[in-house]
Amino acid sequence: MKIFVNYPTDEKGIKDLSKAVALFHATLCLKAVDDLKTDFNSKKKIIKKILEITKEDLKGTNN
């Protein structure tokens, strides 16, 4: 399979693409958690932990 992507070259285009990719990734993560065969409270705990880890990772990349 070949995929062709036209990457943006201006700052606004790069920002928009980054946001779109992040939204797509978040949607896939939420869908994966939703598909788990567990109760709602467990799913909430999983999402909360994902958010905590993501925030910590972001702190590490901003240094």
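Analysis parameters
Residues numbered from 1 in each chain as written. Predicted model: local features only at pLDDT ≥ 70, side-chain atom pairs only at ≥ 80, totals over all residues. Heavy atoms only, no water. Helix = DSSP H or I, 4+ residues; strand = E, 2+ residues; numbered from the N terminus. Buried < 20%, exposed > 50% of the residue type's maximum accessible area, 1.4 Å probe, protein only. Contact = heavy atoms within 4.5 Å. Axes fitted to C-alpha atoms, helices over the stretch in contact; angles between N-to-C directions. Parallel < 35°, antiparallel > 145°, perpendicular 65-115°, else oblique. Left-handed = near helix turned anticlockwise from the far one by under 90°. Nonpolar A, V, L, I, M, F, W, Y, C, P; charged D, E, K, R; others polar. Expected span 1.5 Å × (residues − 1). Polar contact = N/O pair within 3.5 Å; in protein donor to acceptor, adjacent residues only side chain to side chain. Salt bridge = Lys/Arg side-chain N within 4 Å of Asp/Glu carboxyl O.

> Describe the side chain of K43, and please don't skip the residues or the numbers.
Residue placement: K43 occurs in helix α2 (residues 40-61). Judged by its relative accessible area of 15%, K43 falls in the buried class. Those residues in contact with K43, other than ones at most four positions away along the chain, are V33, D34, L36 and T38.

> Can you tell me about the packing of helix α1 (residues 11-34) against α2, naming the residues and giving the values?
Relative orientation of the contacting elements α1 and α2 amounts to 150°, with a least axis distance of 10 Å. Between α1 and α2, the angle is such that the two are roughly antiparallel. Of the two possible hands of crossing, α1 and α2 adopt the one that is right-handed. Here α1 contributes L30, V33 and D34 to the contact with α2, which in turn contributes K43, I46, I47 and I50. For the contact of α1 with α2, a count of residues per class yields five nonpolar, no polar and two charged.

> Tell me about α2, and please be specific about residues and values.
In a regular helix each residue adds 1.5 Å, so 22 residues correspond to 32 Å; α2 covers 32 Å between its end C-alpha atoms and thus fits that length. The N-capping residue of α2, defined by a side-chain oxygen 3.3 Å from the backbone nitrogen of N41, is D39.

> Explain the pattern of salt bridges to me, and be specific about the residues and the numbers.
A full pass over the atoms with the stated rule returns five salt bridges. Residue K31 is joined to D35 by a salt bridge in which the shortest nitrogen-to-oxygen separation is 2.8 Å. With a relative accessible area of 46%, K31 lands in the partly exposed category. Ionic pairing is found between E52 and K49, a salt bridge with its closest N-O pair at 3.8 Å. Taken together, the residues span about one helical turn, with E52 and K49 both in helix α2 at a distance of three residues.

So yeah, pure geometry; function would need other evidence.
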